[in-house]
Amino acid sequence: MRSIRTADDVLRLMDGLFAPEADRWTDGGADWWDRFYADRSRGVPFFAARPDESLVSWLDRGLVTPGTRGRALDLGCGPGRNTLHLARHGFAVDAVDLSPKALARARERTGQAGVEVTFHRADAFTLTERDLDGPYDLIYDSGCFHHLPPHRRVGYLAFLDRFLAPGGSFGLSCFATGAEGSGTELPDLDLYRDARLHGGVAYGDDDLRWIFSNLTEVELRRMRRPDPASGTFGEPFLWAGLFRRPERRERDAAFTAS
């Protein structure tokens, strides 16, 4: 039986090259994440209601603002620690995650704080304009990107192109190469040979600049481990990257110049 007609068919076929337990990026990974989030008493640093120190810094310095529409998308929101911080800073937030248990915790937090957030239990790659109220002035991803297999970067970039507003910001935290406690540094091809992602993929700064070369780099650095009294989260084995999508007139000028 033939199964390939579209690019999406190719991506789904390549998903199947990985062992089922490796899947943490489609609906098939929801059970894994539910088990991960089930025990709220586990000593996982980002279970606490502490936003990323990089996100807090960008907001405090005015590098990220609510912008024209004041809309933000928290991609892979987990238990909502960054979602809550964005809502408290004036964003109208959509938050997406695969795990019902993570979303239940996120809803509790935002409800207790008295802020409104629209939550979506979904595989982000299946979402369309009917599901999300974009475009967004900010798309923020803390820990989702490094769980994607290499071929899913294609859909990830297409997602940004579809939902990030002109002039909008894209913020990212992901595993860094050369850092203890980070993800695998195996080449992309070897991940398919092993049929697993080894807990997550680590990236060098040049990797990220190349992958997101259609965006303008604002800041790319290692996250900092903050003082516990700061009320923020950060680990130096993670990148903190902030990029901006050019305004339409900037993109038009670049196209004309080329």
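Refer to the structure printed above.
Every value quoted in this text rests on a predicted model; they were computed, and no experiment measured them.

### Structural notes on the pattern of salt bridges
Right, so step 1: The tally for this structure, following the rule as stated, stands at 20 salt bridges.
Right, so step 2: Taking the shortest distance from any N to any O, the salt bridge between Asp15 and Arg152 comes out at 2.6 Å. With Asp15 in helix 1 (residues 7–15) and Arg152 in helix 6 (residues 152–163), this residue pair connects regions lying 137 residues apart in the sequence.
Right, so step 3: Arg152 sits in the buried class, given a relative accessible area of 8%.
Right, so step 4: A single salt-bridge network, built from bridges that share partners, covers Glu53, Arg61, Glu219 and Arg221.

### So, the sheet that holds strand 3 (residues 117–121)
Right, so step 1: Strands sit in the order 3-2-1-4-5-7-6 across an open sheet of seven strands; the sheet is mixed. Of all strands in the sheet, those with a lone pairing partner are strand 3 and strand 6 (216–222), marking the two edges. Averaged over neighbouring strand pairs, the angle between their axes works out to 15° when direction is ignored.
Right, so step 2: As defined by bridge partners, strand 1 (residues 71–75) adjoins strand 2 (residues 92–97) across five bridges and the pair is classed as parallel. When the sheet's bridge partners are listed, Leu73 is paired in strand 2 with Asp94.
Right, so step 3: Seen against the sheet, helix 5 (residues 100–113) touches strand 2 and strand 3 and runs at an angle of roughly 170° to strand 3.
Right, so step 4: Helix 6 contacts strand 1, strand 4 (136–142) and strand 5 (164–175) of the sheet and is inclined by roughly 145° relative to strand 5.

### Considering the pairing of strand 2
Right, so step 1: For strand 2, the tally of buried residues reaches five of six residues, placing the bulk of the element in the interior.
Right, so step 2: Handedness of the strand 1-helix 4 (residues 81–88)-strand 2 crossover: right-handed.
Right, so step 3: With five bridges connecting them, strand 2 and strand 3 associate as parallel partners. In the sheet register, Asp97 faces strand 3, and the bridge partner there is Arg121.
Right, so step 4: Between strand 2 and its parallel partner strand 3, the chain crosses via helix 5, and the hand of that crossover is right-handed.

### Here we look at the packing of aromatic side chains
For any two aromatic rings, the description comes down to two numbers: the centre-to-centre distance and the angle of the planes.
Right, so step 1: All told, the structure shown has 20 aromatic pairs when counted by the stated rule.
Right, so step 2: Geometrically, the ring pair formed by Phe36 and Phe47 is edge-to-face, given 5.6 Å between the ring centres and 90° between the ring planes. In this pair, Phe36 is assigned in helix 2 (residues 30–38) and Phe47 in the loop between helix 2 and helix 3 (53–60), connecting sequence segments 11 residues apart.
Right, so step 3: Judged by centre distance (6.4 Å) and plane angle (75°), the ring pair of Trp58 and Tyr140 falls under edge-to-face. In this pair, Trp58 is assigned in helix 3 and Tyr140 in strand 4, connecting sequence segments 82 residues apart. Here Trp58 matches Tyr140 in class, with each residue buried.
Right, so step 4: Here a set of aromatic residues connected by ring pairs shows up, and it is made of Phe145, Tyr156, Phe170, Tyr203, Phe212 and Phe243.
Right, so step 5: A cation sits over an aromatic face here: Arg222 above Trp239, 5.1 Å from the ring centre.

Conventions and cut-offs
Residue indices begin from 1 for each chain and proceed along its sequence in written order. Thresholds applied to this predicted model are a pLDDT of at least 70 for local features of residues and 80 or more for the giving and counting of side-chain atom pairs; totals over whole chains, interfaces and linings are not thresholded and use all residues. Heavy atoms throughout the structure, all of them, feed into the side-chain values; hydrogens and water do not. Each reported salt bridge corresponds to a side-chain nitrogen of Lys or Arg within 4 Å of a carboxyl oxygen of Asp or Glu. Comment: elements are numbered from the N terminus, with helices defined as DSSP H or I runs of at least four residues and strands as E runs of at least two. Burial classes: relative accessible area under 20% of the type maximum marks a residue as buried, over 50% as exposed, and values in between as partly exposed (1.4 Å probe, protein chains only). Pairs of strands are assigned from DSSP output, requiring at least two bridges between the strands. Note on geometry: axes are C-alpha line fits, over the in-contact stretch for helices, and angles between N-to-C directions span 0 to 180 degrees. Contacts are residue-level and defined by heavy atoms, with any inter-residue pair within 4.5 Å sufficient. Seen with its strands pointing away from the viewer, a crossover is right-handed if its path from the first strand over the helix to the second goes clockwise. Aromatic pairs are defined between Phe, Tyr and Trp rings, using the six-membered ring for Trp, whenever the two ring centres lie within 6.5 Å; interplanar angles under 30 degrees are classed as stacked, those over 60 as edge-to-face, and all others as tilted. Definition used: whenever NZ (Lys) or CZ (Arg) falls within 6 Å of the ring centre and also within 35 degrees of the ring normal, the charge is taken to sit over that ring.

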